[in-house]
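# Survey of secondary and tertiary structure
Chain residues, written in single-letter form:
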Amino acid sequence: MNRYIQQLIEDFDRAGKKPVPEINFGESYEEFEKQMHEIEEGKLIPAKEKIGVSYEELPPAEKMTDEQTQNLLEAMLNALSARGTDITFPGDGIPVKLAYTELRNHFKEGFHSIPGWVIDFCSGWCPDCAFVDYCSTKDDIWTKDELEKEKAK
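Residues numbered from 1 in each chain as written. Predicted model: local features only at pLDDT ≥ 70, side-chain atom pairs only at ≥ 80, totals over all residues. Heavy atoms only, no water.

## Let's talk about the overall build of the protein chain
A count of helical and extended segments in the protein chain gives 7 helices and 4 strands. Its helices and strands taken in sequence order, the protein chain reads α-α-β-α-α-β-α-β-β-α-α from the N to the C terminus. Here the protein chain, with 153 residues, has 36% of them falling under the buried criterion. Long-range contacts, defined here as pairs at least 24 residues apart, represent 76% of the contacts in the protein chain between residues at least 6 apart. Here the protein chain displays about 9500 Å² of accessible surface, and carbon together with sulfur accounts for 48% of that area. Each charge class in the protein chain can be summarised by its mean position, and for the 18 positive and 31 negative side chains these summaries are 8 Å apart. (Helix = DSSP H or I, 4+ residues; strand = E, 2+ residues; numbered from the N terminus. Buried < 20%, exposed > 50% of the residue type's maximum accessible area, 1.4 Å probe, protein only. Contact = heavy atoms within 4.5 Å. Areas by Shrake-Rupley, 256 points an atom, 1.4 Å probe, with all protein chains shown as cover. Lys, Arg positive; Asp, Glu negative; His and termini not counted. Charge placed at Lys NZ, Arg CZ, Asp CG, Glu CD.)

The structure is reproduced here in structure tokens:
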């Protein structure tokens, strides 16, 4: 498994060495809004096309050690950033295997073709969030009892 993970890391490194230019959001709010609309409405492209590795090629977290998962996750984050997609995880102290698994799931959907997109893993609905136990934003929205009640539904 070590050699396979190293090969994946090398594939991500190759993608990271081909950065896309920063998007120009213009000089006015109208230009910014137009660019954001183009990004949001832009088509999704397969992960293989965006950064050279598909969902099917990524091993499940439970097949790797924490160190292997951390190394692969870092390579994924670096490649995505270089190719115009930034990732932020909601919260602190998130286990590496959880972060990897949730990012790996995005590989099924594909990624925006236009650079400038940020994946923050926040749908705004805390009860279904994989990161709810690590995110303090939920505390501004939900009481513990309300959250537990909604999760039970």
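Once the structure has been displayed, the description carries forward.
## Focus: the pattern of salt bridges
Evaluation of the coordinates by the stated rule reveals 5 salt bridges. Salt-bridge contacts for Arg 14 lead to Asp 11; the nearest nitrogen and oxygen are separated by 2.2 Å. Remark: Asp 11 and Arg 14 occur in helix H1 (residues 2-16); sequence separation between them is 3 residues, near one turn of the helix. Judged by relative accessible area, Arg 14 falls into the partly exposed class, the value being 47%. Note on Asp 11: relative accessible area 22%, which makes it partly exposed. (Salt bridge = Lys/Arg side-chain N within 4 Å of Asp/Glu carboxyl O.)

## A look at the side chain of Lys 138
The topology assignment puts Lys 138 in helix H6 (residues 138-141). Separated by 3.2 Å, the side chain of Lys 138 and the backbone oxygen of Val 132 make a polar contact. Sequence-distant contacts of Lys 138, that is, excluding residues within four places in its chain, are made with Cys 126, Val 132 and Leu 147. (Polar contact = N/O pair within 3.5 Å; in protein donor to acceptor, adjacent residues only side chain to side chain.)

## What about the environment of Asn 105?
Position of Asn 105 relative to the elements: it lies in helix H5 (residues 96-109). Its relative accessible area of 24% is what places Asn 105 among the partly exposed residues. With 47 residues separating them in the primary sequence, Asn 105 and Leu 58 have C-alpha atoms 9.9 Å apart.

## Describing unusual backbone geometry
Phi is positive for Phe 121, close to 60°, though the residue is something other than glycine. Tracing the backbone through its elements, the reader meets Phe 121 in the loop between strand E4 (117-119) and H6. Accessibility expressed as a relative area gives 15% for Phe 121, which makes it buried.

## Here's the deal with the nonpolar core
Judged by nonpolar contacts, the single largest core of 30 residues is most densely connected at Phe 12, Leu 58, Leu 72, Met 76, Tyr 100, Leu 103 and Phe 107. When contributions to this core are tallied by element, the ones reaching two or more residues are H1, helix H3 (47-51), helix H4 (66-82) and H5. What Tyr 100 contacts, discounting residues up to four positions off in sequence, is Leu 58, Pro 59, Pro 60, Ala 61, Met 64, Thr 69, Leu 72, Leu 73 and Met 76. (Core = buried A, V, L, I, M, F, W, Y, C linked by side-chain atoms within 4.5 Å.)

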